[in-house]
Amino acid sequence: DTLPRLSFAGSLVDGSSRPVQGRRFDMPVVDDEVPTVWVIWGSQYVAKALVALDAHGIEHYVKRGKLGTGGLEDLPGGGKLVPVLTAGGDVVVPDSEAILRWAEKTRGANLYPTPQCAEWSERASDGFLPNAVLYYNWIEPEGYARSMRAKFASLVPWYAGGGTCIAGYLVDWGTAKKRAEFAEKVLPELSKHPDVGTLEGRADAVAKEHVIREALVKELAHFQSGLGASDAAGYLCGGDAPTAADCSVYAQLERLVGTMGDARVPASVPGLLDDARLGAIKKWREMMVKRHPIRYGGKRAPTEK
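Everything numeric here is computed off the predicted structure, so don't read it as measured data. (Residues numbered from 1 in each chain as written. Predicted model: local features only at pLDDT ≥ 70, side-chain atom pairs only at ≥ 80, totals over all residues. Heavy atoms only, no water.)

1. With respect to the nonpolar core
Quick note on the threshold: Nonpolar cores were defined as sets of buried Ala, Val, Leu, Ile, Met, Phe, Trp, Tyr and Cys residues, with membership established by side-chain atoms within 4.5 Å. Partly exposed residues are those whose accessible area sits between 20% and 50% of the maximum for their type, while under 20% is buried and over 50% is exposed, using a 1.4 Å probe and protein chains only. In what follows, residue pairs with any heavy atoms lying within 4.5 Å of each other are defined as contacts.
Leu111, Leu216, Leu220, Leu256, Leu272, Trp284 and Tyr296 are the most contacted members of the largest nonpolar core, which has 91 residues in total. Ignoring anything within four residues of it in the chain, the contact list for Leu216 reads Phe128, Leu129, Ala132, Tyr136, Leu256 and Leu272.

2. Section: the pairing of strand E6 (residues 91-94)
Operational definition: Starting at the N terminus, helices and strands are each numbered in turn, a helix being any DSSP run of H or I of at least four residues and a strand any DSSP run of E of at least two. In this description, strands pair whenever DSSP reports at least two bridges between them.
The alternating pattern of E6 places Val91 and Val93 and Val92 and Pro94 on opposite faces, both of which are buried. Inspection of the sheet shows strand E5 (residues 84-87) paired to E6 by four bridges, in the antiparallel sense. Along E6, the bridge assignment pairs Val84 with Pro94. What sits between the antiparallel neighbours E5 and E6 is a turn of three residues, in which Gly88 has the positive phi angle 65 degrees.

3. Observations concerning the packing of helix H4 (residues 128-139) against helix H5 (residues 141-154)
Definition in use: Between N-to-C directions, angles cover 0 to 180 degrees, with each direction set by a line fitted to C-alpha atoms, over the stretch in contact for helices. Reported orientations rely on four angle classes, namely roughly parallel under 35 degrees, roughly antiparallel over 145, roughly perpendicular from 65 to 115, and oblique for the rest.
Two numbers describe how H4 lies on H5: the axes approach to 5 Å, and their chain directions differ by 70 degrees. Between H4 and H5, the crossing angle belongs to the class labelled roughly perpendicular. Contact residues: Tyr136, Asn137, Trp138 and Ile139 in H4; Pro141, Gly143, Tyr144, Ser147, Met148 and Phe152 in H5.

4. Structural notes on the packing of H5 against helix H6 (residues 165-191)
In helix packing, the relevant descriptors are the interaxial angle and the interaxial distance, both defined with respect to the helix axes. To be explicit about the condition: Each helix crossing is assigned a hand: it is left-handed if the near helix lies turned anticlockwise from the far helix by less than a right angle, otherwise right-handed if that turn is clockwise. Basically, the charged four are Asp, Glu, Lys and Arg, the nonpolar ten are Ala, Val, Leu, Ile, Met, Phe, Trp, Tyr, Cys and Pro, and anything else, Gly included, counts as polar.
Running from amino to carboxyl end, H5 crosses H6 at an angle of 110 degrees, the nearest separation of the two axes being 9 Å. Our classification of the angle between H5 and H6 gives roughly perpendicular. For the crossing formed where H5 meets H6, the hand is right-handed. Counting all contacts with H5, which are made through Tyr144, Met148, Arg149, Phe152 and Ala153, the residues of H6 involved are Ala167, Gly168, Tyr169, Val171, Asp172, Thr175 and Arg179. Classifying every residue of the contact of H5 with H6 by side-chain character gives seven nonpolar, two polar and three charged.

5. Notes on the packing of aromatic side chains
As a reminder, the rule being used: Centres within 6.5 Å make a pair out of two Phe, Tyr or Trp rings, where for Trp the six-membered ring is used; the pair is then stacked when the planes are under 30 degrees apart, edge-to-face when over 60, and tilted otherwise. Sitting over a ring, as applied to charges here, requires NZ of Lys or CZ of Arg to be within 6 Å of the ring centre and within 35 degrees of the ring normal.
Taken as a whole and assessed by the stated rule, the structure comprises seven aromatic pairs. Three or more aromatic residues joined by ring pairs form one cluster here, namely Trp138, Phe152 and Phe182. We note Arg123 situated over the ring of Phe223; from NZ or CZ to the ring centre the distance is 5.9 Å. Between the NZ or CZ atom of Arg179 and the centre of the ring of Tyr144, over which it lies, the distance is 3.7 Å.

6. With respect to the sheet that holds E5
The four strands lie next to each other as E2-E1-E5-E6, forming an open sheet whose pairing is mixed. Edge positions in the sheet fall to strand E2 (61-64) and E6, since each has one partner strand and no second. Here the average twist between neighbouring strands, direction ignored, is 25 degrees. Across four bridges, the pairing between strand E1 (residues 36-39) and E2 is parallel. The residue of E2 that forms the bridge with Thr36 is Tyr61. Packing against the sheet, helix H1 (residues 44-55) makes contact with E1, E2 and E5, and its axis sits at approximately 155 degrees to E1. Along the sheet, helix H2 (residues 96-107) makes contact with E5 and E6, crossing E6 at roughly 130 degrees.

7. Concerning H1
Keep this limit in mind: By this rule, a helix spans an expected 1.5 Å times one less than how many residues it contains. What qualifies as a polar contact is a pair of N or O atoms within 3.5 Å, subject to a donor-acceptor requirement within protein and to the restriction that residues adjacent in sequence count only when both atoms come from side chains.
With 12 residues, H1 extends 16 Å from end C-alpha to end C-alpha; this agrees with the ideal 16 Å at 1.5 Å per step. Among the residues making up H1, those that are buried are Gln44, Tyr45, Val46, Ala47, Lys48, Ala49, Leu50, Val51, Ala52 and Leu53. The N-cap residue of H1 is Ser43: its side-chain oxygen and the backbone nitrogen of Tyr45 are 3.2 Å apart. Where H1 terminates, the next one or two residues include Gly57, which has phi positive at roughly 65 degrees.

Below, the structure written as structure tokens:
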């Protein structure tokens, strides 16, 4: 597989699909067909699903969603966001959390061994952490410059200014509307955190970066509390394989400090885990990268050209 062509609609990597009409994921499924996951490279929600399937030995194919002027097109079930899993001809599972539930129910993956695993997985996908990820990738200027601006600029062809400062300006122009939309969505969510308070627009949010960062450190420390005190990094809910909580936190965290595996998206806050208070989750993240790398590529169906 190769990286996708440049498209500023690729900002849709930052979104989790919500259920659309289709077969319920919690219905019994009797089939041995290899499922297909519809993706956009670099999406943290796609990464969550792919890591879970890989870590639990569930064979699957990957198919890229088609980007059009109005967003993703032709996704099974009629939705506009990824990931979406299909299997068995009539199974359509939108939403990363639903895909993990499907994997547990139909393929025996032990992703939700405790209620805390379920709670943490949903918190890492829908709470403060994912909104902080959007803030640092799209709103906070330094994080945006390191991550999304740099990634998109690297895809600008030479004849359009690739490799020059023009590429960055093209990205700024092409993503301006989407960045404003993210700010409108994210700032009210960040404002719900008691340590952050009301953010009065983008300028105020940028000025309070240090406050948002401190709240982010505390949120990561909350997830870190699931790790043991020993030097050996384990999983967030214990056990010998990643749970839903591990997959969710890991996928979000990589958009802050990692490269999203073979999608090669630059980190937005590369020094975040150097904070002494996050030593355990830093070791855990290093373990996850080594044992469970995020892999979007190399999973095409044999019949797909």
